[in-house]
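Per-entry structural report
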Amino acid sequence: MERAYSFFLSAVVLQLYFLETCISKNITTDQSALLAFKGSFTLNSSHPLTRNWSSQASACHWIGVTCGSRHRRVRALNISNMGILGTIPPHLGNLSFLVSLDVSRNHLHGVIPREMGNLHKLEKLFMYSNKLSGYIQEELFNISTLRQMGLSSNKLSGSLPSAPDYWRTNLQFLNLAANNIGGVIPSSISNSSNLKELYLHENKLSGQIPNSLGDLRRLEYLNLDYNNLTGSLPSAPGYRPTKLEHLYLGRNNIGGVIPSSISNSSNLKTLDLDNNKLSGKIPNSLGDLRQLEFLGLFNNNLLSPHLSILTSLVNCRSLTHIVLSGNPLNGVLPDSIGNLSTSLEQIYLTRCEIRGQIPLGIENLSNLIMLSLYGNELTGSVPRTLCNLHNLQRLGLFDNRLSGPLPECLCKLPKLEAVDLSSNQISGLIP
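Here the structure is a predicted model, which is why all the values come from computation and not from measurement.

Of the pairings in the sheet, the one linking strand β1 (residues 65-67) to strand β2 (residues 74-78) comprises three bridges and is antiparallel in character. Opposite V65, over in β2, you have L77 as the bridge partner. Hairpin connection, β1 to β2: the antiparallel pair is bridged by six residues, and R72 has positive phi, about 55°. Sheet analysis places β2 next to strand β4 (residues 100-102), joined by three bridges and oriented parallel. Within the sheet, the bridge partner assigned to N78 lies in β4 and is D102.

Now for the packing of aromatic side chains. Inspection of every chain in the model, using the stated rule, returns ten aromatic pairs. Centre to centre, the rings of F41 and W53 are 6.4 Å apart; their planes meet at 45°, and the pair counts as tilted. Separated by twelve residues along the polypeptide, F41 in the loop between α1 (2-39) and α2 (48-52) and W53 in the loop between α2 and β1 bring together distant segments of the chain. Residue classification places F41 among the buried residues on the basis of a relative accessible area of 9%. Judged by relative accessible area, W53 falls into the buried class, the value being 1%. Between F126 and F173, the aromatic rings sit 6.5 Å apart at their centres with planes inclined by 65°, giving edge-to-face as the arrangement. With F126 in strand β6 (residues 124-126) and F173 in strand β10 (residues 173-175), this residue pair connects regions lying 47 residues apart in the sequence. In this pair, the class of F126 matches that of F173, namely buried. One cation-aromatic arrangement involves K121 over F97; the distance from NZ or CZ to the ring centre is 5.4 Å.

Before going further, it helps to examine the nonpolar core. Counting 112 residues, the largest nonpolar core has L34, M116 and M127 as its most contacted members. Looking at this core, the elements that each hand over two or more residues are α1, β1, β2 and α3 (308-312). Looking at which element gives the most residues to this core, the answer is α1, with four residues. The contact partners of L34, leaving out residues within four places of it in the chain, are W53, A59, W62, V65, V74, L77, L92 and L95.

Another aspect to go through is the sheet that holds strand β3 (residues 85-86). The sheet built from four strands is open, its strands ordered β3-β5-β7-β9 with parallel pairing. In this open sheet, the two strands that pair with only one neighbour each are β3 and β9 (155-157). In the sheet, strand β7 (residues 131-135) pairs with β9 via three bridges, with the strands oriented parallel. Across the sheet, residue G134 finds its bridge partner in β9, namely L156.

Taken in spatial order, the three strands line up as β22-β24-β26 in an open sheet, and their pairing is parallel. The outermost strands of the open sheet, each flanked by one partner alone, are β22 (331-332) and β26 (377-378). With two bridges connecting them, strand β24 (residues 354-356) and β26 associate as parallel partners. Paired with R355 across the bridge in β26 is E377.

Examined against the element boundaries, N227 turns out to sit in the loop between β13 (221-223) and β14 (228-230). There is a polar contact of 3.0 Å between the side chain of N227 and the backbone nitrogen of L205. Residues contacting N227, with those up to four places away along its chain left out, are L200, H201, E202, N203, K204, L205, R251 and N252.

Right, let's get into the pattern of salt bridges. Overall, the coordinates contain nine salt bridges when judged by the stated rule. Across the pair D274 and R251 runs a salt bridge, and its minimum N-O distance is 3.7 Å. With D274 in the loop between β17 (270-272) and β18 (277-281) and R251 in the loop between β15 (246-248) and β16 (255-256), this pair connects stretches of sequence that are 23 residues apart.

The sheet contact formed by β3 and strand β5 (residues 107-110) spans two bridges and is parallel. Residue pairing across strands places L85 opposite H107, the latter belonging to β5. Where β5 meets β7, two bridges bridge the pair, whose relative direction is parallel. From the neighbouring strand, H109 faces β7, where its bridge partner is K131.

Here we come to the state of the cysteines. Under the defined criterion, the tally for this structure stands at two disulfides. Across a sulfur-sulfur distance of 2.1 Å, C60 and C67 are joined as a disulfide pair. Linking C60 and C67, the disulfide has an S-S dihedral of approximately -95° and is accordingly described as left-handed. Of the two residues, C60 and C67, both sit in the buried class. There is a disulfide in this structure between C387 and C409, and the S-S distance comes to 1.8 Å. Looking down the S-S bond of the C387 and C409 bridge, the torsion is 70°, so its handedness is right-handed. Of this pair, C387 sits in the loop between β26 and β27 (394-396) while C409 sits in the loop between β28 (403-404) and β29 (418-420), and the two are 22 residues apart along the sequence. The pair formed by C387 and C409 is uniform in burial state, with each residue classed as buried. Regarding the disulfides, the chain carries the connectivity 1-2, 3-4 under sequence-order numbering of its bonded cysteines. Unpaired in this structure, C352 has its nearest cysteine sulfur neighbour in C316, at a distance of 18 Å. Judged by relative accessible area, which is 0%, C352 ranks as buried. In this model C411 remains outside any disulfide bridge; the closest cysteine sulfur is found in C409, 8.4 Å from its own.

Conventions adopted
Residues numbered from 1 in each chain as written. Predicted model: local features only at pLDDT ≥ 70, side-chain atom pairs only at ≥ 80, totals over all residues. Heavy atoms only, no water. Pairing = 2+ DSSP bridges. Helix = DSSP H or I, 4+ residues; strand = E, 2+ residues; numbered from the N terminus. Phe/Tyr/Trp six-rings, centres within 6.5 Å; stacked < 30°, edge-to-face > 60°. Buried < 20%, exposed > 50% of the residue type's maximum accessible area, 1.4 Å probe, protein only. Lys NZ or Arg CZ within 6 Å of the ring centre and 35° of its normal. Core = buried A, V, L, I, M, F, W, Y, C linked by side-chain atoms within 4.5 Å. Contact = heavy atoms within 4.5 Å. Polar contact = N/O pair within 3.5 Å; in protein donor to acceptor, adjacent residues only side chain to side chain. Salt bridge = Lys/Arg side-chain N within 4 Å of Asp/Glu carboxyl O. Disulfide = S-S within 2.5 Å.

Below, the structure is given as structure tokens:
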């Protein structure tokens with residue numbers, strides 16, 4: 001019995017020895033990977049990492065390093081905003097227990113190594129605001145555990161992976177904005193069914209917006225601004241990303257009409273279609289977007305007979321911005337403009353071929369900060385009711401046909417900073 005117990009005790013001690021040796025070896029692997037990373041840095045002698053990241057101490061005690069309590073392996077690395085100049089070595093792919101990596105807001109350059117795809121436990125990857133270049137490694141999209149990836153504001157090029165398997169991930173947040181990514185948006189992106197936020201703006205994407213984006217039923221934020229997208233807006237009846245709240249498609253070359261089905265996205269708060277080639281009538285169904293806060297249709301070729309769009313927007317009680325400038329709306333400002341949301345802060349209706357007088361009911365828009373109606377064919381006088389807009393800061397009415405005296409009470413508006421009434425027929429004394 002005593003010999004059996006002695007044997008059991010020896011076995012336990014031996015097992016603990018091998019476990020300690022294994023852990024020690026593994027943390028040595030992690031430490032070697034981080035020292036290789038540090039070896040690519042150009043640091044001055046006073047930089048916090050110069051002496052702290054040293055083989056004389058365990059990597060678990062280094063700045064920016066977090067180890068797991070059980071296996072004592074590196075689980076998180078955060079050295080963001082530390083003024084680091086260097087590259088990313090393939091050795092980082094050896095951090096096999098890494099869950100979170102943040103090297104954002106530094107001066108890292110060179111390519112992202114393929115070996116990063118070996119980080120099979122990685123959930124968060126942030127490398128934005130660096131100078132990284134080269135193609136986006138498809139291996140990154142093979143990390144099935146990855147939930148958040150932010151690589152914006154770099155110099156990455158190439159195209160998005162198109163094979164469906166690359167999008168069968170747990171991605172919820174993907175930000176590749178402000179790079180040099182070209183090609184088309186692959187329809188297979190719809191396989192990322194957990195995606196909530198997608199930022200691809202300020203790239204060189206081309207082609208049409210795939211209808212399959214409408215299959216991303218959890219998508220809340222989509223930004224494709226500043227690309228070379230063409231074709232028309234998705235109009236299929238099934239295009240209904242029900243949770244979509246913010247849609248940015250401005251500064252592209254999208255043509256065709258605005259489909260009335262866009263109102264199916266009933267949670268929409270932001271609709272930005274500025275600077276495209278859209279034409280036809282602005283659908284009054286936009287008024288069904290009861291949560292809408294920002295409407296941007298600037299610089300297209302859109303129509304709205306009798307400016308009925310303004311009447312329909314009366315239903316949007318959270319609206320703060322209306323930007324319709326640069327469209328041949330060709331109508332008269334309706335009296336219903338005074339029934340728009342009292343949350344409204346900015347109205348831009350410049351160069352819209354608007355005729356008639358400024359409605360008196362505009363005084364109801366008590367929170368208005370900016371009113372820009374220049375470059376139209378407005379007639380009549382500047383109404384005294386504008387003096388009731390006590391939050392007004394800027395008033396642009398130049399290049400119209402306004403006449404008569406200027407209301408003296410305008411000069412008493414407490415927050416007014418700028419008024420432009422040039423190129424009108426204003427008469428009388430300057431107050």
